[in-house]
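# Working through the structure, step by step
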Amino acid sequence: MSSKPISITGALCELCRQFISDLFSSNFTRQDTYPSRWRPEDEDYTPEKSWGDGFHHHETIAALAESARTCEICEVLHADLSPLDQALHQGWLGLYPFYTSSRIGPNRNKGVFRAGFRNSLVKMPLGSIDIGSIPLHSFQICRIGPLKVGEKVPYLDTYRRSPAVKPTLTPRDIAGKVANWQRECRDNHRNCGKEIPDHDLPTRVIDLGEEGAPASHIRLYESHHEKAPYAALSHCWGGAIPSITLSSNKTARTHSLPIDSLPQNFKDAIEVTRALGIRYLWIDALCIIQDSKADWFREAGKMSSVYAGATIVLSALDSPASTAGFLKPDRVPLATVNAEYGVQKVLPGLNEYLEACPLVTRGWCMQERLLAPRILHFGREQLFWECRSLFRAEDGQEFTGDGGAHVTALFVRTRKRIGVASARGEQVDWKDWYQLLEEYTTRHFTVSTDKLPALAGAASLFRRANAKDGAGATYIAGLWKEDLARGLLWCAHYYHGPGRKVWGISPTDRISQLSKPPEKRAPSWSWATLDGHLDFWALKIGGFVVEVLDVKMSKSENELTEAFPDGVVKLKGLVAQMFYHAPQESGYDVGTLAFRQPDSVSDASNTLNGCVMDLDRRTPRYCWVLLMAKSNNDWYLLVLHKVDDGSFRRIGMCTAKGVRVDPSRFETREVEIA
């Protein structure tokens, strides 16, 4: 081994001291010969071979637990490994800095190592499938102190490049991190702007008082729309919230709002807002009169300006309910090696972590994140900063969303694109609306009828951005009249496997299950008529051939907060009556359309494949189809049910690949869909 010793001052056991010392002495590279306790990988192939040369650590999980009482690195290892199933605790514990992963090949991140028990290695979970991702239950040597001024660190020197995440953050720590991130935005992010302008205060805000005022005295302030910095909170209600603002207590709250009566999320938001030096805070449950329908709809229509105008939005990312709080005292264990270095687990990749956070599953919170120029996310283990340029984690991960088809990456990319275009006064592409809807339909609502009102802020942004001749775009039941043909082509989501190059639904694909809301919420042609994850095919294809003749809304054209829009679209295109054959095997969701019931589903000259019914996918029946788009020999059709008055209702969509039917079997006609 080369000579690059490290001074160890932390409380470590002899095994951890040797492991850390050996890594530094070898400059984190594989060796031909090792000191004692190192186990070179087997020359012959074994299931454990990909783990590489390993350091023989404690003999059992019990021995690790005992050592964790006095050794900080053992404590970090035990906190992460002990919750694993007992079947993954078999054999001696090994530490493996030279593993190979199908995601990254041989590990070249100096200071990163995997941990696992020898007889359980082949069963250890890997985690993310993203290229370059580090497997679960990996750990890293990380930097505790700041880099020297002007110091440049090679990318693979992870032990120098990656900052440690503090186990506990004080309000002062939070303010310091925000100041650094804001400085980075101001100095280096062209999309973020040099200054943060003050905007009009919302109708009501929580006044936290001037600096030096008693911390316990806050009040509800009814603004005069003066310009001032303010923070806004994005959070999960998680059921009933104590101390909401009602018609009966609004007046009293303008004099005093007792902090002790508020749920923990709100108390935490007040503490952070004060630490940031901001006087005003907007929280929906406190600043909207919750038992006033008129006030609720009026303020819901202003969501676009509330979140877009906030100096900063505080996001309670991992808090499932208002009472849970988001300032966690013990976030992630950190072992001290010396004043310069520590050891900590490698935190999850951003895609998978964000997808599982409670806030990301809630419908109302999508537009809050979309509209905010700057967001401070409070995760379970670390802080995140999201601006119009990137998504940054406290542990040094940076994520632009460019590239990658994961739903999280797509949303980051779409949010950035929309935010930049809106700030510059540029038109926003309709495809961005459909991209938002794909993500939005994965989210859930406590109140089913909120599905359209919870998009009002996003819709307001799009309407302004796509105005022509002084008039905004026309919003109809969650879609846009100016791009209606493409907006009508939605379908239950199909799970497109990683690495699959060709888009399209195949007979064995898994398809998301859709459901009807308790009461009719929108016309059948609108995506909002159903609940469940949807795909919008305008993002994948072109070649639209259908003609939109007319749209008549009996209720709520351009009413952004309307919960129950209704109306009829009149289309002209190729139409035929066909028979729906359900999937031949149970467990499958993709059926086939034939011109006659007796026609064989294997006869391509008489059938269209790739039919997915919205709801009932098991019942064979006659239906009608309308050709919406075609590309070469691929056709995309709406599946319709004809009612007694001659109008139609949408019941599904067909993505037919390699069509061989005779187009003359279709006729051109006008249809009305309600």
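As shown above, the structure is provided for reference.
An account of the accompanying structure is given in this report.

What counts and what doesn't
Residues numbered from 1 in each chain as written. Predicted model: local features only at pLDDT ≥ 70, side-chain atom pairs only at ≥ 80, totals over all residues. Heavy atoms only, no water. Core = buried A, V, L, I, M, F, W, Y, C linked by side-chain atoms within 4.5 Å. Buried < 20%, exposed > 50% of the residue type's maximum accessible area, 1.4 Å probe, protein only. Phe/Tyr/Trp six-rings, centres within 6.5 Å; stacked < 30°, edge-to-face > 60°. Helix = DSSP H or I, 4+ residues; strand = E, 2+ residues; numbered from the N terminus. Lys NZ or Arg CZ within 6 Å of the ring centre and 35° of its normal. Pairing = 2+ DSSP bridges. Contact = heavy atoms within 4.5 Å. Axes fitted to C-alpha atoms, helices over the stretch in contact; angles between N-to-C directions. Left-handed = near helix turned anticlockwise from the far one by under 90°. Nonpolar A, V, L, I, M, F, W, Y, C, P; charged D, E, K, R; others polar. Salt bridge = Lys/Arg side-chain N within 4 Å of Asp/Glu carboxyl O. Lys, Arg positive; Asp, Glu negative; His and termini not counted. Polar contact = N/O pair within 3.5 Å; in protein donor to acceptor, adjacent residues only side chain to side chain. Expected span 1.5 Å × (residues − 1). Parallel < 35°, antiparallel > 145°, perpendicular 65-115°, else oblique.

### Remarks on the nonpolar core
Within the largest apolar cluster, 123 residues are counted, with the highest numbers of intra-cluster contacts made by Trp282, Leu376, Trp433, Trp525 and Trp527. Core analysis: the next-biggest nonpolar cluster, separate from the first, contains 42 residues, Leu15, Tyr96, Ile141 and Tyr341 among them.

### Here we look at the packing of aromatic side chains
Applying the stated rule across the entire model yields 35 aromatic pairs. For the ring pair Tyr159 and Tyr341, a centre distance of 5.8 Å and an interplane angle of 45° mean the geometry is tilted. Here Tyr341 lies in strand S16 (residues 341-345) and Tyr159 lies in helix H4 (residues 158-161), a separation of 182 residues in the sequence. Relative accessible area serves as the criterion here: at 6%, Tyr159 is assigned to the buried category. Ring geometry for Trp537 versus Tyr636: centroids 5.8 Å apart, planes at 35°, classification tilted. Highlighted residues: Trp537 in the loop between strand S24 (534-536) and strand S25 (547-555) and Tyr636 in strand S30 (residues 634-642), separated in sequence by 99 residues. Clustering of aromatic rings is evident, with ring pairs tying together Phe19, Tyr34, Trp38, Phe55, Phe98, Phe113 and Phe139. Its guanidinium or amino end placed over the ring of Tyr99, Arg114 lies 5.8 Å from that ring's centre, counting from NZ or CZ.

### So, the sheet that holds strand S7 (residues 138-143)
Judged by pairing direction, the sheet is antiparallel, and its 7 strands sit side by side in the order S1-S2-S3-S6-S7-S16-S15 without closing on themselves. Each of the sheet's edge strands pairs with one partner strand only, and the pair in question is strand S1 (38-39) and strand S15 (335-336). Note: strand S6 (residues 112-117) against S7, 3 bridges, orientation antiparallel. Following the sheet pairing, Phe113 is matched in S7 by Phe139. Contacts between helix H1 (residues 14-25) and the sheet are confined to S1, strand S2 (54-56), strand S3 (93-96), S6, S7 and S16, with S2 contributing the most and set at about 155° to the helix.

### Some words on the packing of helix H13 (residues 407-423) against helix H14 (residues 430-440)
One way to put it is that H13 packs onto H14 with a least axis distance of 10 Å and a crossing angle of 140°. Our pair here, H13 against H14, has a crossing hand that is left-handed. Between H13 and H14, the contacting residues are Val407, Leu410, Phe411, Thr414, Arg417 and Ile418 on the first element and Asp432, Gln435, Leu436 and Glu439 on the second. The residue makeup of the contact of H13 with H14, split by class, is 5 nonpolar, 2 polar and 3 charged.

### Considerations on the pairing of S6
On a regular strand, one side chain projects to one face of the sheet and the next to the other, so that they alternate. In terms of residue burial, S6 counts as a mostly covered element, since 6 of its 6 residues are buried. By the alternation rule, side chains of S6 split into Val112, Arg114 and Gly116 and Phe113, Ala115 and Phe117, which are all buried.

### Considerations on the pattern of salt bridges
Counting across every chain of the model gives 39 salt bridges. Residue Glu151 pairs with Arg160 through a salt bridge whose shortest N-O separation is 2.6 Å. Classification of Glu151 by relative accessible area gives partly exposed; the value is 26%. Linking Lys345 and Glu381 is a salt bridge whose minimum nitrogen-to-oxygen distance equals 2.7 Å.

### Side note on the side chain of Asp22
For Asp22, the location among the structural elements is in helix H1. No salt bridge is formed by the buried Asp22; the nearest opposite charge belongs to Arg37, separated by 8.8 Å. Side-chain polar atoms of Asp22 contact the side chain of Trp38, separated by 2.8 Å.

### Quick look at helix H7 (residues 264-275)
Spanning 12 residues, H7 covers 17 Å between terminal C-alpha atoms, matching the ideal 16 Å at 1.5 Å per step. All of the buried residues along H7 are Asn265, Phe266, Asp268, Ala269, Ile270, Val272 and Thr273.

### Examining unusual backbone geometry
Positive phi, close to 80°, is recorded for Arg37, a residue that is not glycine. Looking at where Arg37 falls in the secondary structure, it is placed in the loop between H1 and S1. For Asn632, which is not a glycine, the phi torsion comes out positive at approximately 55°. Considering the arrangement of structural elements, one finds Asn632 in the loop between strand S29 (621-631) and S30. Overall, the relative accessible area of 76% leaves Asn632 in the exposed class.

### With respect to the pairing of strand S9 (residues 204-207)
Of the two faces of S9, both are covered, the one formed by Arg204 and Ile206 as well as the one formed by Val205 and Asp207. In terms of strand pairing, S9 meets strand S10 (residues 219-222) through 4 bridges, oriented antiparallel. Bridge pairing in S10 links Ile206 to Leu220.

### Points about the packing of H14 against helix H15 (residues 456-465)
In helix packing, the relevant descriptors are the interaxial angle and the interaxial distance, both defined with respect to the helix axes. Contact pair H14 / H15: the axes reach a minimum separation of 11 Å and the direction vectors enclose 170°. Classified by the interaxial angle, the pair formed by H14 and H15 is roughly antiparallel. From H14, Trp430, Asp432, Trp433 and Leu436 reach across to H15, where they touch Ala458, Ala459 and Phe462. Taken together, the residues that form the contact of H14 with H15 break down as 6 nonpolar, no polar and 1 charged.

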